[in-house]
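Chain by chain, the residues:
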Amino acid sequence: MSDRHPKPEALFDFPCDHVFKAMGPNTELFIFEVSRAVSSVLPVSQDAVKVRPSGKGNYVTVSVVVRVHNFDQVAGVYDALRQIDDLKYLL
């Protein structure tokens, strides 16, 4: 692959902290599912999870900051997050 389009793993300097953001309905279940998906791959502390409701309060953005050591962990977390039924958007 050319330098103009580097491989995704080349964009990280491991180990590093990474923020996973998932948007979905403003429910306790969705927040729990996001935390559970990330923790299925990496340990998550309670203070690592931040929740921000949308302007009207119908949706939330759940941000989870974790320490990743390799690209397989990053990919594994994204794969786990994609399994959440009510997921609307993923960053």
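Residues numbered from 1 in each chain as written. Predicted model: local features only at pLDDT ≥ 70, side-chain atom pairs only at ≥ 80, totals over all residues. Heavy atoms only, no water.

Some thoughts on the environment of Phe12
Thinking step 1. On the secondary structure map, Phe12 appears in the segment before strand E1 (16-25).
Thinking step 2. When its relative accessible area of 22% is taken as the criterion, Phe12 is described as partly exposed.
Thinking step 3. In this view, Phe12 contacts His18, Phe71 and Val74; residues no more than four positions away in its chain are not counted. (Helix = DSSP H or I, 4+ residues; strand = E, 2+ residues; numbered from the N terminus. Buried < 20%, exposed > 50% of the residue type's maximum accessible area, 1.4 Å probe, protein only. Contact = heavy atoms within 4.5 Å.)

Overview of the side chain of Gln73
Thinking step 1. Within the secondary structure layout, Gln73 lies in helix H2 (residues 71-82).
Thinking step 2. Among the residues examined, Gln73 registers a relative accessible area of 18% and is labelled buried.
Thinking step 3. Excluding anything up to four places from it in sequence, Gln73 contacts Val41, Leu42 and Val68.

Focus on H2
Thinking step 1. For H2, which comprises 12 residues, the first-to-last C-alpha distance of 17 Å matches the rise-based estimate of 16 Å (1.5 Å per residue) to within 8%.
Thinking step 2. Buried within H2 we find Gln73, Val74, Gly76, Val77, Tyr78, Ala80 and Leu81.
Thinking step 3. In this structure, the buried residues of H2 make contact with E1, helix H1 (28-39), strand E3 (59-68) and strand E4 (89-90).
Thinking step 4. In this structure Asn70 caps H2, since a side-chain oxygen of it lies 3.1 Å from the backbone nitrogen of Asp72. (Expected span 1.5 Å × (residues − 1). Polar contact = N/O pair within 3.5 Å; in protein donor to acceptor, adjacent residues only side chain to side chain.)

Re the pairing of strand E2 (residues 49-53)
Thinking step 1. Here E2 runs beside E3; their pairing, made up of 5 bridges, is antiparallel. Looking at E3, one finds that Val51 is bridged to Val62.
Thinking step 2. Between the antiparallel neighbours E2 and E3 lie 5 residues, among them Gly57 with a positive phi of about 85°. (Pairing = 2+ DSSP bridges.)

Some words on the environment of Ser39
Thinking step 1. Mapped onto the elements, Ser39 comes out in helix H1.
Thinking step 2. Sequence separation between Ser39 and Val66 is 27 residues; the distance between their C-alpha atoms is 9.3 Å.

Let's talk about the side chain of Thr61
Thinking step 1. Structurally, Thr61 is set in strand E3.
Thinking step 2. Given the relative accessible area of 18%, Thr61 is considered buried.
Thinking step 3. Dropping the residues within four chain positions of it, Thr61 is found in contact with Lys21, Ala22, Met23, Lys50, Val51 and Arg52.

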